Structure formats: C-alpha cells, structure tokens
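# A closer look at the structure
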Amino acid sequence: MSNSPVKAIIDQVPSGISLGESALSMQGESQCAPSLSDNYKFSDIRAVLSVVTVHQVPHSSLQVSDREALATPAIRPSSRGHRLPGGRPAIVSPTPGLRQARRKRLESRLGQDGTVYQEGRKQTDEWLPDKPAYLRLYLDIPGQYERVKHNQPLGKCAAREEARRKADRWIMRNGVNDREKLEFALRPSEITFRSQAAWWLTEIGSGRLKSRQKNKRGQKIRVTTLDAYTSAVGYLNEKIGHATLATFDNAEMKDLISTMEAETKENGGPRFTPKSISNYFLIASAVFATAKDRRGKQLFPRQWDLNYIGLPAVEKGDQNTPTLEAVEIETILTAAKERYRVLYALLAGTGLRISEALGLEVGKHLTTNCSMLCVRQQRSKKGRGIETYLKSDSAIRDVDLVPALAALVKGYIGARTSGFLFETSGGLPMSPRNITRDSLHPILREMGRESAGFHTFRRFRESILQMSEARTLLIDYWMGHANGEMSGRYGKQLLDNVQWRRECAAKVGLGFALPKEKEQPLMDKSGQVLQDEEQEVAAV
C-alpha cells in the first residue's frame, strides 16, 4: 500500500491542500488502482491535481460561511469535467502564496454617494438643524489600492435632505464619480515631478500657460522671472525630481522643507531664507496644480498642511527694505556726476521704477516743457531691450513733475529730439547694474551706508506723498499702485484733470532740495552749457 499511486498523489500535495473524505477513502483507493499504474510520471500526477473540481453538494445543506466560501473566485467550481479516478470530485482550497493580487475594479467604484452625518450622532438619531453636517466618503488615489477616507464639511443644514443635496452637489462638482478620473486612478501613474516641471516651464515661457504675475493669457513673463523659475526647478529636480506626483504628499514635502532649512553656505550661514523656501514651495505647488486631465480637472489635488510640513513664516519686518532721508538724498545728488544726478533726482521726485525711468524716450514720453512723464514702456531686466508691457496695468500712468524738477530734466535734454532720456554713447538705455557699480554703491559707502538699490528712492517718494495732503487716489495713480476701493473707481475722472494734478504736485513738492552749486557747469546731452537755470524754471 505504501507504493499505491493514490498514496503517491497524497504525498505530493503541498501543505494547505485538503482532499474530500469521499475521495480519500480506502474504497476509493482500491477503485483507483486499476486506473493508475506505478509507471505514472510525476508530471501526470500534477496534471491530476490541477484539474480537480469542487465536490458537488446540495447548496441548501451548506452553512452561510460555506456558501460564501463556495462563491469566492479562489474555490469556484471548474468548468472542466475532469475528476479523480473513480468519478469522485475533490475539494481543493487555494494554495498559500498563489492568490492573485488585488486590483481596483472600475465598476465597483462608480456611483459613490457617501454618508451624511453629524458628529457624535447616529443615523437613527433626530437631525439637529443647529449642528454642522459632514459628508464621509472615500477618495481614490492614483497608484494606490486603498482609498483615502475624507470628511467634507457641509455647514449647518435644516434637515438631512438638505445636507444630502449639498453632498450630491459637492460630489458632482469635484468629479468623485467621474469615469475618466477613476480610470486614471485605477492605473499606476508614472508622471514624475521632473517631467511635469519641464512641461510647466515650457508652457509658462511660451505664454500658453497663465503665470502668477500676469493676468492676461498669452502675455509672456519676464525673462528674469523665467530664469528664477528655472533655477528653482533645477534645485527641486535634484531633491524630488524622481518622485511621482501620485505618491508625493505632505510627508514628502515636509522632508523637502527640512532639507532646505538644514543646508548652509560655505560661510556657515543658511543657504535659503524663509522667503526663498516659501517661493520654492509655491513653485512646487504650481507644478502639482498644472497636472490636469483633458477636462481641466487636477489629477493630483493637494491640500497642503503648512503647519505639518513646517513652512517657515516670512516676517515682513525681517525683510531688507532700506530707506533714505531727505538729507541723504541731497548728499547723493551733490556727490553724483551730472548724468546720474538727474536720474537720482527723477527717481526720488517721481517714484518711478528704475526700469520705467530707463525706458523713457525723448519726444515720445515727455511733454515739451517736461512737466509730465508718460510711462508706457520699460527697459528689459535682461539685455538692453525694451518691453512694451509694464509690471501691471496700473503702472500705465502720467506722472506730473514739480516745476524745479521739470526744469532740471529739460535742461538735461537740451536740443535732443529723440533717443532715450538716459542712454549710453551707443544710443542704448543705460544699465542699472553699471549705474550701481559706478555711482550709487560707491557714494553710499562713502556715506557709511549699506548697499541699497534704486527702490529706496521710490520708498522715499511714497513717504513724501503720504505726509502731504494729496488724496490716496492721486498717490496710487502717481506711484502706479492698484486702487481697489469703490471711491477710487468713482473718482477716476479726477485723474483726467491735468491742471488739478499739477497743482497738487506743486503743493507736495520734492521733499528735498536740488543742488544749486556745482563744481562743473550743468551740461545737457548735446554738450551745451546751461547758463541760466532760473530762467528755465520760470519758463515752465
């Protein structure tokens, strides 16, 4: 009996597989003997085991647990008619380790309604109108089998039916049951941060994608801004470029923020300031937000928890915003050479941005007596080109000059009728970097002041205007700031009154004194010496 074929079959059955008693009885063994010979190969025995079917028993005689087990795919009846020798079927349980991996099925996840509830109350409890309601449902995450539990606040609802309607609208609005969105979630996503960031830079550089700075579609961002984005993306690619957008969430963002805070420079100081870390975080968030399907819905929506990820707070008081006093302005004007003296006086007396001042053209953006400047273009921050668009729509304005400043600018222009107001010998607009290197920073060092940029003149002019009796509407107009107040909208007709604006500009004044005594006579661009400045002032 030890050499019996059936005994051989039983010995080859791995642990975890059990055969029915009816198939393993001694009588079955004797009936199998004529059908199986000792010359059977092991492959034949394995074939017998692979075709066994479930023992057919009356369904009504099964217990509930047995019915469920019978209906599971792992032990469902085989469609083949193979049986063990003797005509008796066998019951085979699934082999450990051979179970098919679970997969998301689209049909089983469509039509999710969620559950409307009130916190701390059962479904059978009475609905309380003064207690907030919530919607509980499970959201699919791309590349992840398990759904994520989500509780959506619905606010206070008078009845359960009202909460149900709000929940349905939220589900429809967010595409929870959208078939296309579920199909994407059911397959693993391979979109990496590197690939999405490359697409984002291409689209935002070409103008096809709206940027955060520009409100009009199709308007390209500045080259310097694009360079800053490219530099930030280059660093982010080193850290998280390989990560897929589907699996990158708050925990991974927290690690990135911690890494940036820990990096130091060669001198031991921190490599990134809180403002820089915040900007890098906004760029990474923009990359996630631009990954959308063909219907414009985000593929990887993220609710960033700023407290959890540890995003550092940016203190406005810690920002480097140097200012100048009137005495310091006068000192700079006295120490500066003639060509720079007029530029500094114009910046401090009008509040123009340096790019706007260097973009002014004679005979195009100045009136005949130089009493008004028309800001319509600016110098490019990269290269010596001209950009026909400004920082914002509010930057398009007409700035009224104080009579003394207008005379200084007119004398500087002299007999010229064209060209840039501040230009090089080659007829190109002057470079801000060269001006700070050759003039502004050396003067500040002699004064014992820290290095500062041209925006200090703009802050000075803003302070002078705020100390005056000029209206906020007019101040914002001269400075190129947006005024969203309703009074500003209805009072825009005042800005068309040029005479009123000039009177206000004269009342405000410059806030500093122009230098009267000069070591060298003031000369215009054409080389003519100005003999009588007082007559020029009186002629305005």
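This structure is a prediction, so every number in the text was calculated from the model and none was measured.

Definitions and cut-offs
- Residues numbered from 1 in each chain as written.
- Predicted model: local features only at pLDDT ≥ 70, side-chain atom pairs only at ≥ 80, totals over all residues.
- Heavy atoms only, no water.
- Helix = DSSP H or I, 4+ residues; strand = E, 2+ residues; numbered from the N terminus.
- Buried < 20%, exposed > 50% of the residue type's maximum accessible area, 1.4 Å probe, protein only.
- Contact = heavy atoms within 4.5 Å.
- Areas by Shrake-Rupley, 256 points an atom, 1.4 Å probe, with all protein chains shown as cover.
- Pairing = 2+ DSSP bridges.
- Arc of directions from axis to C-beta.
- Axes fitted to C-alpha atoms, helices over the stretch in contact; angles between N-to-C directions.
- Salt bridge = Lys/Arg side-chain N within 4 Å of Asp/Glu carboxyl O.
- Left-handed = near helix turned anticlockwise from the far one by under 90°.
- pLDDT = per-residue confidence, 0-100.
- Parallel < 35°, antiparallel > 145°, perpendicular 65-115°, else oblique.
- Nonpolar A, V, L, I, M, F, W, Y, C, P; charged D, E, K, R; others polar.

## A word on the overall build of the chain
Assigned secondary structure in the chain consists of 21 helices and seven strands. Taken across its 540 residues, the chain has 39% of its residues classed as buried. Contacts in the chain between residues at least 24 apart in sequence constitute 65% of all its contacts with a sequence separation of at least 6. In the structure as shown, the chain presents an accessible area of about 31,600 Å², 49% of it carried by carbon and sulfur atoms.

## Things to note about unusual backbone geometry
Although it is not a glycine, Cys370 sits at a positive phi angle of roughly 60°. Along the polypeptide, Cys370 turns up in the loop between α14 (354-358) and β4 (372-375). For Cys370, a relative accessible area of 2% gives the class buried.

## So, the pairing of strand β2 (residues 132-139)
Pairing of strand β1 (residues 115-118) with β2, which is carried by four bridges, proceeds in the antiparallel orientation. Looking at β2, one finds that Thr115 is bridged to Arg136. Examined bridge by bridge, β2 and strand β3 (residues 148-156) share eight bridges and lie antiparallel to one another. Residue pairing for β3: Ala133 is matched across the bridge by Gly155.

## Describing helix α20 (residues 498-508)
Along α20, the residues that are buried comprise Arg501, Cys504, Ala505 and Val508. One side of α20 carries all its buried residues, which in axial view fall inside an arc of 100°. On its buried face, α20 is in contact with β4, β7 (397-400), α17 (455-467) and α18 (472-479). Immediately downstream of α20, the backbone of Gly509 shows phi near 75°, a positive value.

## Regarding the sheet that holds β1
Whenever strands of a sheet pair, they do so through backbone hydrogen bonds, lying parallel or antiparallel. Pairing is antiparallel in the open sheet, where three strands are placed in the order β1-β2-β3. Looking at which strands have only one partner, the edges of the open sheet turn out to be β1 and β3. Direction aside, neighbouring strands of the sheet carry axes that sit 30° apart on average. In this fold helix α5 (residues 160-173) packs onto β1, β2 and β3, with an angle of close to 40° to the strand it touches most, β2.

## Considerations on the pattern of salt bridges
Inspection of every chain in the model, using the stated rule, returns 12 salt bridges. Between Glu356 and Arg353 there is a salt bridge whose closest N-O contact spans 2.8 Å. This pair shows no difference in class: Glu356 is buried, exactly as Arg353 is. The closest approach of N and O atoms between Arg397 and Glu356, which form a salt bridge, is 2.8 Å. With Arg397 in strand β7 and Glu356 in helix α14, this pair connects stretches of sequence that are 41 residues apart. Here the residues in one salt-bridge network are Lys239, Glu263 and Arg271, joined through shared partners.

## Re the packing of helix α13 (residues 338-350) against helix α15 (residues 403-413)
Running from N to C, α13 and α15 point in directions that differ by 145°, and their axes come no closer than 10 Å. Crossing geometry of α13 relative to α15 is assigned as left-handed. Here Glu338, Arg339, Val342, Ala345, Leu346, Gly349 and Thr350 of α13 come into contact with α15, specifically with Leu405, Leu408, Val409 and Tyr412.

## Some thoughts on the confidence of the model for the chain
The share of residues in the chain with pLDDT of 70 or more is 68%, and the mean pLDDT across the chain is 76. Per-element averaging of pLDDT across the chain places helix α4 (residues 64-71) at the bottom with 41 and helix α9 (residues 250-262) at the top with 94. Note that pLDDT drops below 50 for residues 12-82; the model gives that stretch 77 contacts with residues more than four away or on any other chain. This model gives residues 518-525 a pLDDT under 50, and the stretch forms 23 contacts once residues within four places in sequence are excluded.

## Some thoughts on the packing of α13 against α17
Between α13 and α17, the shortest axis-to-axis distance is 6 Å and the interhelical angle comes to 40°. By the angle between their axes, α13 is oblique relative to α17. Two secondary-structure elements touch here, α13 through Tyr344, Leu347, Ala348, Gly349 and Thr350 and α17 through Phe457, Phe460 and Arg461. The residue inventory of the contact of α13 with α17, partitioned by class, reads five nonpolar, two polar and one charged.

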